[in-house]
Amino acid sequence: MTIHHLGRAALSLALLAGLASPAAHAQDAGKALGGLFQSLIRPNQPAQPAQPNSPSGIAGALLGASLAPAGAPAQGGDLVQLLSQSLDQIDEPREIQIGQQLAAVLLGSKPLYPDMALQRYVNQLGRWISLQSSRPDLPWTFAVLDDPGYNAFATPGGYVFVTKGLVDRVADEGELAGILAHEITHVTAKHHLIAMNKAARAGLLTQVIGSQLKNDLGGLVSSQLLALGRNMYTKGLDQQDEFDADRSGVALATRAGFDPYGLVAVLQQLRTAAPDDALFALSLSTHPPAQTRLNQLEQAMGTRLDAYAGQPAVTVAQRVSASNRRPTAQAPAKPPAKK
């Protein structure tokens, strides 16, 4: 994947910025792509003309002052230099900038799935779960990639992607909620930043050209940052990070009002997937064996969450259809109290 593909990523990220705007954080990101996206995001408001070159356009929506420390946003090389040092030096605005650039890499590889009802639903579902997390104030954004494979990805700062192939294969909303909660936990625990920091300090940066390439988001992406991201998404996170995300993700999904055994059902499906099945290959290669993950979860969960299990199953198709008839998606009924 090259920077050449980031033109499409700029448009996709502008759309995501609009989808991620809840009522409490209203933004003008919808203007970046004109009246069509605005009507999808705010169906009861008249469309506004597109102003792609204005501060409320694509670059302004993605790299505005609200996401950066004082002054101009950090460039790709600056971010890589930070990743090579102590993680304590990466404050939240810089964490979000790193996540944006990695999200652009993912979107440059696979486009968004062209179904706005599904995109809106997944984003609303993910945002509801993220509000129950330890970092509810991140600019959480969730979207579906047009890819038949079975995968989910996250980047620092709160960008979370699932593939259309994964959405098609989950049996119900509880399973999808378990997957999203797992990815949210990776973000809140900064697992991706830790992995990139380890790779950077291990010498990966000396193996690539330290040039900076112009992208279509209004800044520069370092080829070193691209190498770090590519290394992380093809090799996966540490096994212990995956086990932690499973355990904390189950707790988070339960706290958000979903069946705690949703992620368990997902892992049971992965356990039966053939290793040579191309649709599951990346997911299987970047995670510990599904049976090992199930064993770890069984030890952690025991019967402590059984009281929250057995909720009526709602399929994704049913929920998308229902949410399409309402201005906002409804939260699950009677979520358990935080402990």
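What you see is a predicted model; the values in this text were computed from it and never measured.

Rules of the game
- Numbering of residues starts from 1 in every chain and runs along the sequence as written.
- Owing to the predicted nature of the model, reporting of local features is limited to residues with pLDDT of at least 70; listing and counting of side-chain atom pairs is limited to 80 or more, with chain, interface and lining totals taken over all residues.
- By convention in this description, side-chain values take in all heavy atoms of the structure and omit both hydrogens and water.
- If DSSP finds at least two bridges between two strands, the strands pair.
- Put simply, DSSP H or I for four residues or longer makes a helix, DSSP E for two residues or longer makes a strand, and each gets a number counted from the N terminus.
- Lines fitted to C-alpha atoms define the axes, with helix axes restricted to the stretch in contact, and inter-axis angles between N-to-C directions lie between 0 and 180 degrees.
- We call two residues contacting when some pair of their heavy atoms lies within 4.5 Å.
- The term salt bridge refers to a pairing of a side-chain nitrogen on Lys or Arg with a carboxyl oxygen on Asp or Glu at a separation within 4 Å.
- Three exposure classes are used, based on accessible area relative to the maximum for each residue type with a 1.4 Å probe and protein chains only: buried under 20%, partly exposed in between, and exposed over 50%.
- Helices are assigned an expected span. That span is 1.5 Å times one less than the residue count.
- As used here, the arc is the angular range of directions from the helix axis to the C-beta atoms.

A. Looking closely at the sheet that holds strand β3 (residues 159-163). Read from one edge to the other, the open sheet built from three strands follows the order β1-β3-β2, with strand pairing classed as mixed. A strand with exactly one partner marks an edge of an open sheet, and here the two such strands are β1 (141-145) and β2 (152-155). Averaged over all adjacent pairs, the angle separating strand axes in this sheet is 20 degrees, with direction ignored. When β2 meets β3, the two strands line up antiparallel, connected through four bridges. Residue Ala 154 lies in a different strand from β3, and its bridge partner there is Val 160. Packed on one face of the sheet, helix α5 (residues 92-109) meets β1, β2 and β3 and runs near 20 degrees to β3. Seen against the sheet, helix α8 (residues 173-188) touches β1, β2 and β3 and runs at an angle of roughly 25 degrees to β2.

B. Spatial organisation of the pattern of salt bridges. Evaluated as defined, the whole model comprises nine salt bridges. Put simply, Arg 135 and Glu 95 hold a salt bridge, and the shortest N to O gap is 2.8 Å. With Arg 135 in the loop between α6 (116-130) and β1 and Glu 95 in helix α5, this pair connects stretches of sequence that are 40 residues apart. Like Arg 135, the residue Glu 95 is buried in the burial classification. Between Lys 198 and Asp 238 there is a salt bridge; the shortest N-O distance is 2.8 Å. With Lys 198 in helix α9 (residues 191-201) and Asp 238 in the loop between α10 (223-235) and α11 (239-255), this residue pair connects regions lying 40 residues apart in the sequence. Among the residues examined, Asp 238 registers a relative accessible area of 36% and is labelled partly exposed.

C. Highlighting helix α14 (residues 290-301). In this model, α14 (twelve residues) spans 16 Å end to end at C-alpha, consistent with the 16 Å of a helix rising 1.5 Å per residue. Where α14 is concerned, the buried positions are Ala 290, Arg 293, Leu 294, Leu 297 and Met 301. The arc enclosing the buried residues of α14, seen along the axis, measures out at 100 degrees, which places them on a common side. In this structure, the buried residues of α14 make contact with α8, α11 and α12 (262-271). Where α14 ends, the next residue or the one after it, Gly 302, has phi of about 55 degrees, a positive value.

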